[in-house]
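These are the residues of each chain, in order.
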Amino acid sequence: MVEVVAALVWRDGKILICRRPADKARALLWEFPGGKVEVGETKQQALVRECREELAFEVVPGSVFCEVTHTYPDITIHLTLFNCTAKGEPQRLEHAALKWVQPQDVTAYEFCPADKVIVEKLYALAKEDGHV
């Protein structure tokens, strides 16, 4: 099992989503920014490093929003998604696209299968808050 972290970056009531590159696994599907945890680093350290490498963007991890275990044909991941704040503006260094979206609008995007539970949770929370 591979440990993976992702950032639920909040800004002005919107969240950041990223579209995977065309030349990688799960090409052109949407995801939350992040990546694999390397040996010797905490999940929070991995998240800060991945966002810096892929987005030239400084995130500040907060509480855990949720955790998901998912098996793809090529890999099984344990994903920890952190609520985050950020400094600066993300740069599209590796992704096909970046977008700030309202939480209730995430269902309009085709996400990686591991993220679908998260998308449903975000939509349900937005519905509870009266945004749907």
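Here, the structure is the one placed above.
Criteria and thresholds
- All chains use their own residue numbering, which begins from 1 and follows the written sequence.
- In keeping with the predicted nature of the model, local features appear solely for residues at pLDDT of at least 70, side-chain atom pairs appear and are counted solely at 80 or more, and the whole-chain, interface and lining totals rest on all residues.
- Remark: hydrogens and water are excluded; side-chain values derive from all non-hydrogen atoms of the structure.
- By nonpolar core we mean a set of buried residues, namely Ala, Val, Leu, Ile, Met, Phe, Trp, Tyr and Cys, connected to one another through side-chain atoms within 4.5 Å.
- Throughout, exposure labels follow a simple rule: accessible area from a 1.4 Å probe, protein chains only, divided by the maximum for the residue type, with under 20% read as buried, over 50% as exposed, and the rest as partly exposed.
- A run of DSSP states H or I qualifies as a helix once it reaches four residues; a run of E qualifies as a strand once it reaches two. Both are numbered from the N-terminal end.
- Here a residue-residue contact requires only that any non-hydrogen atoms of the pair lie within 4.5 Å.
- By this definition, two strands are paired if DSSP reports at least two bridges between them.
- A pair is scored as a salt bridge if a Lys or Arg side-chain nitrogen falls within 4 Å of a carboxyl oxygen belonging to Asp or Glu.
- As used in this structure description, the phrase polar contact means that two N or O atoms lie within 3.5 Å; if the pair is within protein, one of them must be able to donate a hydrogen and the other to accept it, and residues adjacent in sequence are counted only when both atoms belong to side chains.

Enquirer: For this particular structure, what's the right way to read the nonpolar core?
Expert: Considering soluble globular proteins, one finds that nonpolar side chains tend to be buried as a cluster. Formed by 25 residues in total, the largest nonpolar core has its most connected members in Phe32, Leu81, Phe111, Ile118 and Leu122. Counting residues per element, the ones that place at least two in this core are strand E1 (2-11), strand E2 (14-19), strand E5 (58-71), strand E6 (76-87) and helix H2 (116-128). For Ile118, the contacting residues outside a window of four places in its chain are Phe32, Phe65, Cys66, Val68, Leu79 and Leu81. Of all hydrophobic cores here, the second largest spans 14 residues; its members include Val5, Cys18, Phe57 and Phe82.

Enquirer: I keep staring at the pairing of E2 and nothing clicks. Help me out?
Expert: Where E1 meets E2, two bridges bridge the pair, whose relative direction is antiparallel. Of the residues in E2, the one forming a bridge with Arg11 is Lys14. Hairpin connection of E1 to E2: two residues between the antiparallel strands, including Asp12 at a positive phi of 50 degrees. Across five bridges, the pairing between E2 and strand E7 (residues 97-101) is antiparallel. Of the residues in E7, the one forming a bridge with Ile15 is Val101. Direction of pairing for E2 relative to strand E3 (residues 30-31): antiparallel, over a ladder of two bridges. Of the residues in E3, the one forming a bridge with Cys18 is Glu31.

Enquirer: What exactly am I supposed to notice about the pattern of salt bridges here?
Expert: One side chain can pair with another of opposite charge once the charged atoms of both are near each other. Scanning all chains against the criterion turns up 10 salt bridges. Put simply, Glu38 and Arg49 hold a salt bridge, and the shortest N to O gap is 3.7 Å. A residue pair is termed long-range when its members are at least 10 positions apart, and Glu38 in the loop between strand E4 (34-36) and helix H1 (43-55) and Arg49 in helix H1 qualify at 11 residues. The shortest N-O distance in the salt bridge between Arg52 and Glu58 comes to 2.8 Å. Residues participating in the shared-partner salt-bridge network are Glu38, Glu41, Arg49, Glu50 and Glu53.

Enquirer: Explain the environment of Lys36 here, please?
Expert: When you line up the elements, Lys36 lands in strand E4. It is 15 Å that separates the C-alpha atoms of Lys36 and Arg20, two residues lying 16 residues apart in sequence. Those residues within four positions of Lys36 in sequence are excluded, and the remaining contacts are Val2, Glu3, Val4, Glu41, Ala46, Arg49, Glu50 and Ile75.

Enquirer: Teacher, can you tell me more about the side chain of Glu41 here?
Expert: Structurally, the position occupied by Glu41 is in the loop between E4 and H1. The buried category is assigned to Glu41, whose relative accessible area is 18%. Of the polar contacts made by the side chain of Glu41, one reaches the side chain of Arg49; its length is 2.7 Å. Discounting chain neighbours no more than four positions away, the residues touching Glu41 are Lys36, Ala46 and Arg49.

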